[in-house]
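Spelled out, the chains give:
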Amino acid sequence: MICRFAAFELDEQARELRLEGRVIFLQPRVFDLLLYLVNNRERVVSKDELLEAVWPGVVVTESSLQRAASLLRSMLRKGGCADAVRTFSRQGYRFCAEISIEQGPAQGAGHSSELERVRQEFGRGDWEQVVAGFERLDKQEGGLEAADLERWAYAVQCLGRLPQAVSPLERAVAGHLAAGDRRGAVRVALALTHVQFELRELAVAKGWHQRAGSLITDQDETHERGLLEVSASRFAIAEGEFHQAAHHGETAVAIGRSISDADVEALGLVHWGHALLAQGKVQGGTPLLDEAAAAVMTGQVSPLVGGVIYCGVVWGYRNLADWQRASQWVDHFTRWCEQSGLSTYSGSCSLHRAEVLSLRGELAEAQEAIQEACGLLPENSARVEGEAYRILGDLHLARGDLEGAETAFRRAHELGFDPQPGYALLQLARGNPDAAIRGLERALADQNWSVRQRRGLLYAHLATISAGAGRPELARRALEELESESNIWSTPGLAALRARARGEVAFAEAQLQEAIASLRRAVAIWQDIGSPLNVADTRLRLAELFIVDKDALAAELEVSAAETAYQKFDQIPLHLQRCEKLRNALAELS
């Protein structure tokens with residue numbers, strides 16, 4: 001039986017709420033609340049009864065019910081039906097919309113029974129069972145309808161098997177067109193756009209995007225038009241058209257808010273934010289990323305879109321060296337990924353978690369997180385695999401394993417992922433500052449959106465390395481570029497790197513006391529961030545400056561503090577060797 005009200009269909013057997021034929025994601029408890037209210041629509045249902053029915057055997061407060069009702073109304077608002085669930089003061093809730101009940105389409109008993117079971121598994125998010133079930137059903141006579149092909153492809157993507165989503169989606173487009181459902185065809189064409197983009201088949205992705213645009217014949221604000229703007233923003237970012245990308249992202253946000261579509265709004269926010277970050281407008285971009293992330297945490301965004309938002313948010317903060325924001329959102333999103341059962345993004349969760357753990361100095365835990373990620377990464381995603389090797393290279397470098405870092409950075413490069421500034425720091429550690437400088441300069445000449453977001457990181461390291469390599473003019477120019485826009489170094493991590501760069505440039509220009517003051521500032525910022533390895537590294541450099549200043553006591557204090565930090569970590573002999581060399585220099589000074 002299917003209950004119809006306004007533009008919605010409530011399918012109890014499939015555990016689906018559909019708006020104009022499109023499945024609307026509801027959290028299981030929110031769906032149960034709707035179903036119970038619909039089945040008891042002839043009366044006001046008390047709060048106590050709802051708590052017992054929707055959360056059987058679970059101790060929850062009334063606030064859980066209020067939140068579920070709020071989320072339900074938000075979803076129903078998409079179809080102009082927010083008033084369907086009414087609150088009766090001190091009594092409870094009642095479903096008040098007019099309903100018609102129809103029998104579902106008749107099929108062979110065996111096929112229909114299994115199909116309904118697979119649809120129920122889809123509603124519960126049992127992705128492995130969904131994929132296996134649809135694979136069996138597709139081999140039977142008649143195959144699958146377009147809507148079920150969409151569900152199949154969605155489940156495949158949730159498991160991280162992107163190439164396997166292509167065929168069901170292509171067939172779903174054809175099925176929707178054959179049935180005269182142009183909006184359905186547009187929706188699936190845009191899903192294909194996303195999959196092909198992730199698989200780095202950009203020409204094919206653009207083709208599906210253009211096909212989707214040609215199928216939209218009206219100018220109404222719809223879910224599909226909002227997604228079309230999101231895709232346009234993504235392509236513009238990839239092509240370096242950042243102003244155009246911001247425009248499309250902002251338009252998507254406006255459409256999402258106009259039709260109360262959380263998916264479209266959140267995707268628009270994250271792409272709009274990235275476009276602004278690529279323009280150096282950090283203070284404009286970061287609030288948009290925060291808002292998109294918060295929308296996911298409230299449960300208003302569907303699981304697959306939530307994963308896209310997660311990667312976009314943390315990736316942006318990593319590029320800005322905004323480790324405090326990145327750390328906070330990684331913790332929240334790791335929990336969210338586990339609750340959502342998303343294999344597609346759980347690998348990325350582990351990668352980002354590894355990077356944050358490494359920054360905190362939890363190197364063994366970071367290594368474990370990377371190993372975990374390697375078994376969870378989506379298939380055929382060179383972009384994500386390249387990111388994994390870049391993070392692994394940084395981890396090896398932090399431990400002083402130069403050979404391991406070299407291997408990892410080279411693999412990241414082979415996969416088309418720029419390993420800077422880590423690779424430049426590796427060259428510096430190997431005693432090749434000129435190679436490090438050339439690598440950073442090449443990266444800064446790249447107009448890729450990701451590199452544009454990392455300009456602050458690249459300029460800070462270029463200034464620091466150039467100063468130490470005896471090229472003060474280049475170091476000064478790089479520092480001036482870094483400081484020319486306050487947005488570029490507005491995050492705490494970049495503020496610490498800027499302070500270090502200012503200290504190195506000052507030292508190269510024979511301004512010793514100014515150099516010492518800047519490095520002390522860098523130490524203080526890294527301490528606030530909670531990055532003990534960066535604190536220790538900066539302390540050793542500060543000790544070297546104190547030795548030049550012939551202040552043995554101050555130098556010894558810094559070396560001692562660095563040694564204490566390093567001794568807490570394993571496998572970092574190179575760093576302890578630096579401490580020993582400074583101890584020898586102090587002995588000579590005495």
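Cut-offs and rules
Per chain, residues are indexed from 1 in the order of the written sequence. Local features are withheld for residues below a pLDDT of 70 in this predicted model, meaning they are given only at 70 or higher, and side-chain atom pairs are given and counted only at 80 or more; totals for whole chains, interfaces and linings count all residues. Side-chain numbers come from the whole structure's heavy atoms, not from hydrogens or water. In DSSP terms, a helix is any run of H or I states spanning at least four residues, a strand is any run of E spanning at least two, and both are numbered starting from the N terminus. C-alpha atoms define the radius of gyration, and 2.2 Å times the number of residues to the power 0.38 defines the globule rule. We call a residue buried when its accessible area falls under 20% of the maximum for its residue type, exposed when it is over 50%, and partly exposed in between, using a 1.4 Å probe and counting protein chains only. Note on contacts: a residue pair is in contact if any heavy atoms of the two residues lie within 4.5 Å. Here, Shrake-Rupley sampling with a 1.4 Å probe gives the accessible areas, and only protein chains in the shown set may cover a residue. Asp and Glu are treated as the negative residues and Lys and Arg as the positive ones, with His and the ends of the chain left uncounted. To locate a charge, take NZ of a lysine, CZ of an arginine, CG of an aspartate or CD of a glutamate. All axes here are fitted lines through C-alpha atoms, helices being fitted over the stretch that makes contact, and every angle between N-to-C directions spans 0 to 180 degrees. By convention, the crossing between two helices is left-handed when the near helix turns anticlockwise from the far helix through less than a right angle, and right-handed when the turn is clockwise. Amino acids outside the nonpolar list (Ala, Val, Leu, Ile, Met, Phe, Trp, Tyr, Cys, Pro) and the charged list (Asp, Glu, Lys, Arg) are all regarded as polar, and Gly is one of them. Each angle gets one of four labels, with under 35 degrees taken as roughly parallel, over 145 as roughly antiparallel, 65 to 115 as roughly perpendicular, and the rest as oblique. Basic side-chain nitrogens of Lys or Arg form a salt bridge, by our definition, when they fall within 4 Å of a carboxyl oxygen of Asp or Glu. In this description, strands pair whenever DSSP reports at least two bridges between them. Two rings belonging to Phe, Tyr or Trp (six-membered ring only in the last case) form a pair when the distance between their centres is within 6.5 Å. Interplanar angles under 30 degrees mark stacking, angles over 60 mark edge-to-face geometry, and anything in between is tilted. Definition used: whenever NZ (Lys) or CZ (Arg) falls within 6 Å of the ring centre and also within 35 degrees of the ring normal, the charge is taken to sit over that ring.

(A) Inspection of the overall build of the chain at higher detail. The helix and strand inventory of the chain stands at 29 helices and 8 strands. Taking 590 residues into account, the globule formula puts the C-alpha radius of gyration at 25 Å, and the chain, at 28 Å, falls close to it. Residues classed as buried in the chain amount to 56% of the 590 residues present. Restricting the contact set of the chain to residue pairs at least 6 apart, pairs at least 24 apart contribute 61%. In the structure as shown, the chain presents an accessible area of about 24,900 Å², 48% of it carried by carbon and sulfur atoms. Charged side chains of the chain number 64 positive and 81 negative; the gap between the two group centres comes to 2 Å.

(B) Geometry of the packing of helix 13 (residues 282–297) against helix 14 (residues 303–319). Remark: helix 13 packs on helix 14, axes separated minimally by 9 Å, with the N-to-C direction vectors making an angle of 145 degrees. Note that helix 13 runs across helix 14; the crossing there is left-handed. Where helix 13 abuts helix 14, its residues Thr-286, Leu-289, Asp-290, Ala-292, Ala-293 and Val-296 lie against Gly-306, Ile-309, Val-313, Gly-316 and Tyr-317. Taken together, the residues that form the contact of helix 13 with helix 14 break down as 7 nonpolar, 3 polar and 1 charged.

(C) Focus on the packing of helix 25 (residues 492–508) against helix 26 (residues 512–529). In contact at an axis separation of 7 Å, helix 25 and helix 26 are set at 160 degrees when each is read in the N-to-C sense. It follows from the interaxial angle that helix 25 and helix 26 lie roughly antiparallel. For the element pair helix 25 and helix 26, the recorded crossing hand is left-handed. On helix 26, the residues that touch Pro-492, Gly-493, Ala-495, Ala-496, Leu-497, Ala-499, Arg-500, Arg-502, Gly-503, Glu-504, Ala-506 and Phe-507 of helix 25 are Leu-512, Glu-514, Ala-515, Ser-518, Leu-519, Arg-521, Ala-522, Ile-525, Trp-526 and Ile-529. Broken down by class, the residue content of the contact of helix 25 with helix 26 amounts to 14 nonpolar, 3 polar and 5 charged.

(D) Summary view of the pattern of salt bridges. One pass over the full model with this rule turns up 43 salt bridges. Of the charged contacts, one joins Arg-18 and Glu-16 as a salt bridge, the two residues approaching to 2.7 Å between their closest N and O atoms. In this structure, the salt-bridge partner of Asp-322 is Arg-325, at a minimum N-O distance of 3.1 Å. Judged by its relative accessible area of 2%, Asp-322 is buried. Judged by relative accessible area, Arg-325 falls into the partly exposed class, the value being 29%. What you see here is one network of salt bridges that share partners, running through Arg-4, Glu-9, Asp-11, Glu-16, Arg-18, Glu-116, Arg-119, Asp-148 and Arg-151.

(E) Region of the structure containing unusual backbone geometry. In this chain, Gln-420 is followed by Pro-421 through a cis amide linkage whose omega measures 5 degrees. Its identity as a non-glycine residue notwithstanding, Ala-6 has a phi of 50 degrees, on the positive side. Looking at the secondary structure, you find Ala-6 in the loop between strand 1 (2–5) and strand 2 (8–11). The phi torsion at Arg-200 lies on the positive side, around 65 degrees, for a residue other than glycine. Within the secondary structure, Arg-200 sits in the loop between helix 8 (182–198) and helix 9 (202–215). Arg-200 gets classed as partly exposed once you look at its relative accessible area, which sits at 44%.

(F) Layout of the pairing of strand 7 (residues 92–95). Where strand 5 (residues 45–46) lies against strand 7, 2 bridges are found, and the strand directions are antiparallel. Across the sheet, the residue bridging to Ser-46 is Gly-92, located in strand 7. Pairing geometry for strand 6 (residues 85–88) and strand 7, over 4 bridges, is antiparallel. Bridge assignment links Val-85 to a residue of strand 7, and that residue is Phe-95. Linking strand 6 to strand 7, which pair antiparallel, is a turn of 3 residues; within it Arg-90 sits at a positive phi near 65 degrees.

(G) Layout of the packing of aromatic side chains. For the structure shown, the criterion picks out 8 aromatic pairs. Their ring planes at 50 degrees and their centres at 5.8 Å tell us that Trp-127 and Tyr-154 sit as a pair that is tilted. Of this pair, Trp-127 sits in helix 5 (residues 127–138) while Tyr-154 sits in helix 6 (residues 146–158); the two residues are 27 residues apart in sequence, bridging distant segments of the chain. Taking relative accessible area as the criterion, Trp-127 reaches 7% and is therefore assigned buried. Positioned above the aromatic ring of Phe-507 is the side chain of Arg-541, whose terminal nitrogen or guanidinium carbon lies 5.1 Å from the ring centre.

Note that all results are geometric; they support no functional claim without further evidence.
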